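The primary structure of each chain is shown beneath.
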Amino acid sequence: HRAFSVFLFDVGTGEMLLQKRASSKITFPNVWTNTCCSHPLHGMEPDEVDGEEDVRDGSVGGVKNAAIRKLEQELGIPIGQLKVEEFKFLTRLHYWAADTVTHGKKSPWGEHEIDYVLFITVSSKDKLTVKPHPEEVDDVKWVTQSQLLEMFDDK
């Protein structure tokens, strides 16, 4: 199925906003992830469905509309604070990951999707409203590239 991953950066500091998934989530609870991930939906207004031409020309307005919806739902970023035209579509990729940490080696839970990768920048994180919804997100933090790399170190 289709999905998207948003990576939101502060231009002034070079930091990226991460979220820690809520402990109540079925898949990947308590895991630090990129800013926001979810799925575009059929029947939404504004439209969240893209055609082949949208992918070819890189416009993918539907996926960008879905990203705005989910950024509000998960992180409390008000609709209108980020604009569709501010998102940069980098690529789409085939992504598969089983949640073996939570559910064991034979986990039936995980992700298997075509993921649209979106980047967006803000001039300053201080100008962005972020009020995470507790049923979706346990914590957020802005990290530099070196801090992100340290998070990958399994000390």
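For the structure given in this document, a descriptive report is provided here. (Residues numbered from 1 in each chain as written. Predicted model: local features only at pLDDT ≥ 70, side-chain atom pairs only at ≥ 80, totals over all residues. Heavy atoms only, no water.)

### Quick notes on helix 2 (residues 61–75)
1) Next: The terminal C-alpha atoms of helix 2, which comprises 15 residues, lie 21 Å apart, in line with the 21 Å expected from a rise of 1.5 Å per residue.
2) Next: Where burial is concerned, most of helix 2 is hidden: twelve out of the 15 residues are buried.
3) Next: For helix 2, every residue scored as buried is listed here: Gly-62, Val-63, Lys-64, Asn-65, Ala-66, Ala-67, Ile-68, Arg-69, Lys-70, Leu-71, Glu-74 and Leu-75. (Helix = DSSP H or I, 4+ residues; strand = E, 2+ residues; numbered from the N terminus. Expected span 1.5 Å × (residues − 1). Buried < 20%, exposed > 50% of the residue type's maximum accessible area, 1.4 Å probe, protein only.)

### Description of the side chain of Ser-38
1) Next: Of note, Ser-38 is situated in strand 4 (residues 36–38).
2) Next: With a relative accessible area of 13%, Ser-38 lands in the buried category.
3) Next: Setting aside chain neighbours within four positions, we find Ser-38 in contact with Ala-3, Phe-4 and Lys-70. (Contact = heavy atoms within 4.5 Å.)

### Focus on empty space enclosed by the protein
1) Next: Here the structure, examined in full by the defined rule, presents one cavity of 30 Å³ or more.
2) Next: Its volume calculated, the largest cavity comes out at about 30 Å³.
3) Next: Lining the largest cavity are Ile-68, Leu-71, Ile-77, Pro-78, Ile-79, Gly-80 and Leu-82.
4) Next: Per-class residue counts for the lining of the largest cavity are six nonpolar, one polar and no charged. (1 Å grid on protein atoms, 1.4 Å probe; cavity = no way out; pocket = protein on both sides within 12 Å on 5 of 7 lines; lining within 4 Å. Points joined across faces, edges and corners; volume = space filled by probe spheres on them. Nonpolar A, V, L, I, M, F, W, Y, C, P; charged D, E, K, R; others polar.)

Bear in mind that shape data such as this cannot, by itself, settle questions of function.
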